[in-house]
Structure formats: structure tokens, C-alpha cells
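Geometric and topological summary
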Amino acid sequence: MAAHLKKRVYEEFSKVVQIPHEEAPAKKLRLSKPSKSAALHIDLCKASNSTDALQYLLQFARKPVEAESVEGVVRILLEHYYKETDNSVRLKIASLLGLLSKTQGFSPDCIVDDAINTLNNEKSHQVIAQLMDTLLVIGSQLPENPTVRQRLIEMSCKHLSDTYFGVRNKCLEVLGCLGTVDTPLTKDNQGLGTLTGVRDVQSVISDYFGDQDPRVRTAAIKAMLQVHERGMTIHQIIYDQACRLLSDDYEQVRSAAVQMVWVLSQLYPESIVPIPSSNEEIRLVDDSFGKISHMVSDGSWMVRVQAAKTLGSMLQVSPHFLEQTLDKKLMSDLRRKRTAHERAKELYASGEFSSGRKWADDAPKEKVDTNAVNLIASGACGAFVHGLEDEMFEVRIAAVEALSLLARSSPSFAEKCLDFLVDMFNDEIEEVRLQSIHVLREISTHITLREDQLDTVLAVLEDSSRDIREALHELLCYTNVSTKECIQLALLELLKNLNKYPTDRNSVWKCLRFLGVRHPTLVLPLVPELLSTHPYFDTPEPDMDDPAYIAVLVLVFNAAKSCPTMPALFSDHTFRHYAYLRDSLSHLVPPLRLQGRKQMFGLDSVGSAAGSGSVESAQLFLQQSLNRISTIQNLEAPGAQDLLNFTIRDLQRLGELQTELAGAADFCATYLRCQLLLMKALQEKLWNMAVPLCLKQNATATAAARQILEETYKLEFVYSGLENRQVAAVHHIRLQAKALQLILTARTRRGLEPLISSCEKFLQEVESFQRLFLSELPHLQDTFVEKLVELLPRLSSCKPVELVKTLQTTLRQSRLLQLQLPEQVHRATATIIEPTGESDNPLRFTSGLVVALDIDATLEHVQDPQNTVKVQVLYPDGQSHVIQPKPGDFRKPGPDRHRLITQVYLSHTAWTDPCQIEVRLLLAYSASSSPLSSSSSSKPGWSDSTDSLPPPDGAIEGTIPFSKPVKVYIMPKPARR
């Protein structure tokens, strides 16, 4: 019994109870950045003198500061400020306070009191000026806090009496940027306890128009202009003060006063102002126009430039004031003559009467006191004549631009200034000549050139500058001439130009085309002479390889389109030449209705019928073609592929017939071609067979995926005007192509490591797509991307083999993404004009040396051509050279059009026979597989120094050929020994 009890006791005490083990929470490491304020405090404490402290502050200014650390840094700076005795260190601290106030995420209202306290206790004028600048920054950062703004304005008014000009300048700047016209200010001139009057910001600023320091006067005018730029109304009462400042001794004041007078003339154009020393009154805009015209003769060329530019924007001025700027003599209608009654009264008062012995001794005399009764200052007469004859070319350019602006708004003034603009074609500076040509081109709708004027204009064709000559050709395209002699003179000079500069061929032909279109009746009497025809005798047939003869035909054929009687003057060979040029130069030769020539008419009717279709019907057809693709899900694979093929063919033909929709049609056709390639790569036969049995199909699918990627980059970077939805569709099909590449890699390659890295890269692509096109995901229902986004959490944790299987299933089951029709899409195109590739004579040069090949190309709808357009040269041995043209080689003759005129240097080893090289233009692009949002990476607002960001990982760069290649014969010769 005892043994039994003992056994039970042992059992009770030896019972094992398992207590669930509670795991201690893992300690989390919090990575804390070192405190900026503590580091700054240590540095400043280590400084043994003011020079060291200044060096530490300069080093600190180069480092970015986070928003949460700014307040601590400010406290450290203020603490050191109070202890510092050196003015330069306090000045730097005050500057840092302003820079720190710009930090994003930091509200500077907590340091307003400290900044004002330091300002009240500061004695150094330079530091006070810097503190006022800091207060201006703080006030600009707190636009919604009227209390702070009012305090800052009061501080500015208090320090306006400072003896240092820099302090007064900053105070005026604060008033201009923060003050309001409606709110009255309490200005205290005597002391803090004496209230002298209630005034507004505008009256306070205008008091300093007469300050003794010219820099303060300039700051006062700029502050008033700042008030105007903020949308507040400036009172007309300061007009007289601004006009007096036009005669200031300092050019900065006069320059600012010109701008101030112009602002007032735009605000109160119809107000009536008196003329000094007379009883006459005129409109304010006319008076200000006369005063600014007087400034065109100022002693400072910078003031003259600004005055000339300002005149061009005063479009409300009266016509007689406008015309006075072209005549140095004062016109009679701008002088006020006394009436006969007033003259008789004056004569009676003087006691003298006409004796009658001298003929017309009582006739009215033209000698008038011009200083007393002129409506415009005599110095303002002929303002544009003075500007166009100025010694500084900047003034001449400004005067030409102002004439352009005024002439476009006044046809009568355009006719009067025509002679002056034509005279500027002979200026010694190329830039002035070029600007004059452009200005005359802009006002060409209002003018008709006389023969003497045309003679002066055509003399510019002798200019050695290609830009000048082409600008003049462009001018002649839109100019009206008065007589047939003018047409004959223009043709003769253009043919001389063609003979002297053969590279101008296309530009001259284009010029003569427009001349013929605009002057058919003037060309008609010249046709027998131009074509060398005779009513009785047959004349020899001219050579069709002669560019001069082609130029004459272009002129005649374009005139014949509007003149139905002209073809009767043509000879038989002229009709044959027309057929040849209509095929070879269809952009220069229009379709003509030639009676009795059926083959001609039939040929041209095709073109006219093709062009007769309206853009609206073509756009409707394009939309219907895209809608037809939406039914592709209901078709079997062969039928779906046939539908895609037919739609691509229709869209390509539509782009050829309708140039307005060529960009949109080509974009849609390329997108559908990518879908067709993807559909062929995902055929059942490929995926239901073992890999060794379908090696050829695998290679085809790999090539299709590579081609889809190339086409998507072309879709993204060659076409401009795409909306976010179209870009999302392009990225979507690119993602499908990359998924196809990943699946094919898993089927054909062995090894787990490459597959893992490829899977990780693909998942990054999906996350990047989700981040970039988050707003477009609702429009991507039942598509490949939507299914991937849903499966993304599971795909991130699964094995690579499972990921590939899921991708394969998802890719084959996803539907085709319907493409929305873009509003306005343009395709970037390039046409190489020179070299033509027609010459059989090779360029010969010594091997090892270089030969220059002139490149002339026209670019259409290219974004940022200076950085994206490159020239590629392909040699027969497979070598390829890519050349980046200089930025100065690009011209911009019109919107969305650029001209590339450059030289490419060729070199190679010796050849035995001449061979052809290929020259083409490439469009460079740079796409990142993990793009960074430019808006998320913001630079610190207070730091002037910025470190360049490293390029993103996985950046994809490439080039796209976007011009037809041109073949050029070259022959490197061996060097002579």
C-alpha cells in the first residue's frame, strides 16, 4: 500500500506540463539620420573665429535639409546669430534663413517673430537688407496669412527711411510683392507714436520716384510694376511722374520708366491728358506713344532697344501719330495752327495793320513756335527712321520687329513702311537682313511690290548666306507684284540664283510654283517668250535635264491651272514634258484639264478623284475600321488573321490618299500589325507540342516578339500627339511581347538562375505599368494587364515555373485591347534633299583623309531634333558611323517643321572600284524599364547646388530609321608615294 502511494506521489510530481512559449517581439532597428542641427551646432562651436564659422556655413549651404530638420537648424542659426559680432557671418545666416524658408513641407510662420526681432536689433545696413529679403521670402511662402503680410509691410515702411540704398530697395520690393492697393497703410515718418496719415502702398512707392539715389528710383518703378503684375490697378495719377522719369540721368531709371509709361497707356488708353504749355489735350495712348518714340533717340542703346520693342505693342495709337514715326519732319496735322481770327486779334493788339503795298504781307505764316504747340515732341518725329539707322544692330532688329507688329494691324501703315523695310535688305548684319525678310513676309498680304522695290529685294539673291536666300524665296512665294515686267525680272534673277547656287534648286522651284499660282494673268503674255514658241516655225525641244527649263515649266504650269487659255500656247513637246514632270515632281506640278488629250486627263482625274474625298468621310472610315476589329474575339484564328490583314491594308491605303489622316492611319495600322504578330505567335500548334518538335515555330515566335518590341518603340517615339490612353495601349502590347519572350526563354533554355532574374525583371515591368497608368486601368478590363495585376501578389511569391505557366495561360486567354482613335496624331518624317543619289560620278578622295558630304534634309513633326536626330552612314564593308549634327545645323522655317543643313565627313581605306554608301537619318530614343516620376523627385528649394541623378537601371536606348536611305558613290584612292 505504501509502495502504491509512493508511486502515485512520484507520478503527481513528475507530471510534465507544456506551457506555450511566447516569442519575444523582435527588436526593430530604426535607422535615424544624423541630426542636421546637431552637426551644425558642433561645427559652429568648433569655429575659433568668424572666418571658420563662415566656411562652415558655406559648406552647410551645399547640403540638402529635410523639412523636419529645418526648425532645429533655424534655432541653431538664430542662437549663433545673436552671439556673432561679425557682419559677414550674420549676413550669411540671414541668407540661410531665407533659403531654408523655401524648403518644401516647412511652414516658415514659426520664424517670423525671430526674424522681425533680429531686424529691429540689427545695426548693419547690409544685414538689414538681407533680413528684408528673408522676410520677403517668408511672406511669399505664406500667401494665405494676411496678419504676417501686414506685419512685414509695416516693417518695410518703417525702414524706408534708412540711409542705405540697399535697404530702401528691399523695402520697396517687399511693398511691391506683398502690398495691396485697397488696404490703407499706417505710415509713420516721425516716430512710433505719431500717426501722420493713412496711405496705401501705391502712394508710398510713388514717393520714392524722386529719391536721390537712381537705384532706389529704379526699385520704386519696378515695385509699382510688380503691383501691376499681381493684378492690381495702378492709378493714373502717377503718369506725370513716370513721364518726368523718362528724362532721368541714369539709363536704368529711364528703361524702367519706359515700361511704366507703356503699362499706363494700356490701362488708360482713352484718357485725356493736357499738353504742357498749351490748351490742347490728346489721348493718353497718343501722348505716351510720342514720349516713348522720343526715347528711340536716347543715349543708351539698351533704352533704345526697349523703346523700339515697346512701340510695337502700342496698337491703339492714332494713325497720324503712327505715320509720324516714318517722317523726321513734323507733319502739319500734328501742329496746332492758330485760326485767322486769332491772328487778326493778335495783329490788332500789336497796333500794326497791312498797308497793302506789299503783296500778301498779311498771309498766314507757316513759321510757328514748334516748342509751344506741337502735339508730339519734335525729337519723336521719325522714331522708326532713327531706329532703322541706328549704329547698334540690336536697335535695328528691335525697330524692324516693332514695324512688323504695327504693320500687321494697319494695312495703310504697312504700305508706308514698305520702302523702309526693303532698304533694310542691304544692312551689313546678316541677322538684320534675315529679320527684315521675315517681317516683309508676315505683312505680304497687305502690300504689292513695285518694280523698283522688287529690284532691291531681288538683289539679296546674290547673298552668300543660304538662310538669307531661302528666306527670300519664301518671301517671294507670298508677295504680290504689279506688272508682268516684275514677273520677268523675278524669273531672270531666280534663274541666275539657280545657276550660281545649284543647291537652291528645290527652293527656287517652290518659289516659282507660288509665283505662278498667284499671278496667272501676268504670266500669260510671257508664255511664248518663256517657252520659245513661234506661231509658224518649230523650235528645238529643250533639254529636260536642265533645272532652269524645269523652273520655267513649273512657273507656266502652275499659272495654267487658273488660266484655261494658256494650254493653247503650248507646243507638242511641252505636253510631253508636262506628263513627265507630273509624274516626277507631282508636288510642284498641278493637274491640268487639257482638252483633246485623254491620256493626260485620265491620269490626272485619278489624282483629283483621290483628293476629292472629304476628311470627314475618311475619318469615319477609320473609326469604322477600328470598330470592326472589336468583333475579332468571335472569329476563329484564320478568320481573325484575315480580318486584321484586310484592315491593315485599308488603313495603309487610307494614309496614302488622305495626308491629313496619314499619321493616325499609320499608327493604327502599326498597332494592328503588332496584334497580328502576337496572334500568329500564340497559335495552338506551337504550345501543344514538345519543344524539340517545333524548333522552327519557336524561332518564328521569338522573331515575332522581337519585332513587336521594335514596333512598339516606333509607336511611342515616332508618333506625336498621343494621349495617355494610346500610350497605355502601346505599353500593354509591349508587356505582352515581353511575356512571350519570357515564356519562350523558359521553354528553350536550361538553368534556373537566368529564369529567376528574367521573372523578377518582368514583375518589375508589371509594377511599373501599374504605377504609370493607374488612371487607365479601369479601361483595361479583361485584358492581359488587368489579370496580371489581380494575380500579382500570388505571382510575386510563386516559383518561376508556375509563373511561366500562369503567364502562358493568361496570355492566350486575354482579349485584344481595343484602340481608341487619337484626336491628332502626326508621324515624324524626314526627307533627304541633298544628296539626291542620282549622280554616277563618285566622290574621289585620298584614303586616310576625309571628304565632306553636304546633307540637306527636311524634318516634319520631330520633337527636340537637336538631341534626337542623327545621321547614319553605312559603308559597303558593313561599317556603320552615326554622326550627331550640331545644334546650329537645325533651322525652324515653320511650326512642326525643321531643316537640317550639315556636313558629314567620310573616310575609309583605299578601294579598287567605286562603291555606294547609304546615308539615312535616325531618330534616337531613350526608354526606361523602371521610369522615375519626374514630379516625385524634387530638388531642395533652398540649395543652389544640385547633384546630377544617376541614370535609371534598365534604360533602353536605340535608334529608329525614319528616312529613306540615299546612295552615294565614293572612291577612296590610294595615297601617292
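Quick caveat: nothing in here was measured; it's all calculated off a predicted structure. (Residues numbered from 1 in each chain as written. Predicted model: local features only at pLDDT ≥ 70, side-chain atom pairs only at ≥ 80, totals over all residues. Heavy atoms only, no water.)

Let us look at helix α40 (residues 784-797). Along its 14 residues, α40 runs 19 Å from first to last C-alpha, staying within 8% of the 20 Å computed at 1.5 Å per residue. Every buried residue of α40 is listed here: Phe784, Val785, Leu788, Val789, Leu792 and Leu795. As for α40, its buried residues are in contact with α38 (724-748), α39 (752-772) and α41 (800-813). (Helix = DSSP H or I, 4+ residues; strand = E, 2+ residues; numbered from the N terminus. Expected span 1.5 Å × (residues − 1). Buried < 20%, exposed > 50% of the residue type's maximum accessible area, 1.4 Å probe, protein only. Contact = heavy atoms within 4.5 Å.)

Per the counting criterion, the structure on display carries zero disulfides. Of all cysteine sulfurs in the structure, the one in cysteine 157 sits closest to cysteine 171, which takes part in no disulfide; the separation is 8.3 Å. We note that cysteine 477 lacks a disulfide partner, and the nearest cysteine sulfur, in cysteine 511, lies 4.6 Å from it. (Disulfide = S-S within 2.5 Å.)

So, about the side chain of threonine 868. Following the sequence through the fold, threonine 868 ends up in helix α42 (residues 865-868). Residue class for threonine 868 comes out buried when judged on its relative accessible area of 15%. A polar contact of 3.3 Å, which involves the side chain of threonine 868, links it to the backbone oxygen of glutamine 863. Those residues within four positions of threonine 868 in sequence are excluded, and the remaining contacts are Val862, Gln863, Leu922, Leu923 and Ala924. (Polar contact = N/O pair within 3.5 Å; in protein donor to acceptor, adjacent residues only side chain to side chain.)

In a beta sheet, neighbouring strands pair by backbone hydrogen bonds and run either parallel or antiparallel. The four strands lie next to each other as β9-β11-β15-β14, forming an open sheet whose pairing is antiparallel. Two strands lie at the open edges of the sheet, namely β9 (829-834) and β14 (890-894), each paired on one side alone. On average, adjacent strands in this sheet sit at an angle of 30° to one another, irrespective of strand direction. Where strand β11 (residues 851-860) meets strand β15 (residues 897-906), ten bridges bridge the pair, whose relative direction is antiparallel. (Pairing = 2+ DSSP bridges. Axes fitted to C-alpha atoms, helices over the stretch in contact; angles between N-to-C directions.)

Turning our attention to the packing of helix α9 (residues 165-178) against helix α11 (residues 214-229). For the pair α9 and α11, the least separation of the axes is 8 Å and the interaxial angle reads 10°. What the angle tells us is that α9 and α11 run roughly parallel. Note on element contacts: α11 touches α9 through Arg215, Val216, Ala219, Ala220, Ala223, Gln226 and Val227, opposite Phe165, Arg168, Asn169, Leu172, Leu175, Gly176 and Cys177. Looking at the contact of α9 with α11 residue by residue, the classes come out as nine nonpolar, three polar and two charged. (Parallel < 35°, antiparallel > 145°, perpendicular 65-115°, else oblique. Nonpolar A, V, L, I, M, F, W, Y, C, P; charged D, E, K, R; others polar.)

In this model helix α23 (residues 430-442) runs 19 Å from its N-terminal to its C-terminal C-alpha over 13 residues, within 8% of the 18 Å that 1.5 Å per residue would give. Among the residues making up α23, those that are buried are Val432, Arg433, Ser436, Ile437, Val439 and Leu440. In an axial view of α23, the angular spread of the buried residues amounts to 165°, which keeps them on one side of the axis. Summarising the contacts, the buried residues of α23 are in contact with α20 (393-409), α22 (418-423) and α25 (466-477). (Arc of directions from axis to C-beta.)

Summary statistics for the chain give a mean pLDDT of 78 and a share of 80% for residues scoring 70 or more. Low pLDDT, under 50, characterises residues 331-337; the predicted model gives this stretch 22 contacts beyond four residues in sequence or across chains. The low-confidence segment residues 929-954 (pLDDT under 50) makes 31 contacts with residues lying over four places distant or belonging to another chain. (pLDDT = per-residue confidence, 0-100.)

Let us look at the packing of aromatic side chains. Applying the stated criterion across every chain, the model contains ten aromatic pairs. Judged by centre distance (5.0 Å) and plane angle (15°), the ring pair of phenylalanine 717 and tyrosine 925 falls under stacked. Residue phenylalanine 717 is found in helix α37 (residues 695-717), and its partner tyrosine 925 is found in strand β16 (residues 915-928); the two are separated by 208 residues along the sequence. Judged by its relative accessible area of 26%, phenylalanine 717 is partly exposed. Tyrosine 925 gets classed as buried once you look at its relative accessible area, which sits at 14%. Each residue in the set Phe557, Phe570, Phe575 and Tyr578 is aromatic and connected to the rest through ring pairs, giving one cluster. The lysine or arginine in question, arginine 215, covers the ring of phenylalanine 165, its NZ or CZ lying 3.5 Å from the ring centre. Between arginine 513 and the ring centre of phenylalanine 514, over which it is positioned, the NZ or CZ distance is 4.9 Å. (Phe/Tyr/Trp six-rings, centres within 6.5 Å; stacked < 30°, edge-to-face > 60°. Lys NZ or Arg CZ within 6 Å of the ring centre and 35° of its normal.)

Okay, the packing of helix α35 (residues 662-681) against α38 next. Relative placement of two packed helices is described by the angle separating their axes and the distance separating the axes. One can describe the packing of α35 onto α38 by two numbers: an axis separation of 11 Å at closest approach and a directional angle of 25°. Relative to α38, the element α35 lies roughly parallel. Like other packed secondary-structure pairs, α35 and α38 cross with a definite hand, here left-handed. Across the interface between the two elements, Phe667, Tyr671, Cys674, Gln675, Leu678 and Ala681 from α35 touch Gln726, Ala729, Val730, Ile733, Gln736 and Leu740 from α38. Residue composition of the contact of α35 with α38, grouped by class: nine nonpolar, three polar and no charged. (Left-handed = near helix turned anticlockwise from the far one by under 90°.)

This next bit is on the nonpolar core. Within the largest apolar cluster, 170 residues are counted, with the highest numbers of intra-cluster contacts made by Ile205 and Met260. With eleven residues, helix α30 (residues 547-560) is the largest single contributor of residues to this core. Not counting the four nearest positions on each side in its chain, methionine 260 is found in contact with Ile221, Met224, Leu225, Ile234, Ile238 and Ala242. Grouped together as the second largest cluster of nonpolar side chains are 101 residues, Leu677, Leu682, Phe769 and Leu859 included. (Core = buried A, V, L, I, M, F, W, Y, C linked by side-chain atoms within 4.5 Å.)

According to the stated counting rule, one finds 37 salt bridges in the structure shown. Measuring nitrogen to oxygen at the nearest pair gives 2.9 Å for the salt bridge that ties arginine 891 to aspartate 467. Within this pair, whereas arginine 891 is found in strand β14, its partner aspartate 467 is found in helix α25, the two being separated by 424 residues in sequence. For arginine 891, a relative accessible area of 27% gives the class partly exposed. Judged by relative accessible area, which is 22%, aspartate 467 ranks as partly exposed. Notably, a salt bridge pairs arginine 649 with aspartate 650, separated by 3.5 Å at the nearest N-O pair. The exposure class assigned to aspartate 650 is partly exposed, which follows from its relative accessible area of 22%. Look at the salt bridges and you will find they share partners, linking Arg466, Glu470, Asp856 and Arg899 into a network. (Salt bridge = Lys/Arg side-chain N within 4 Å of Asp/Glu carboxyl O.)

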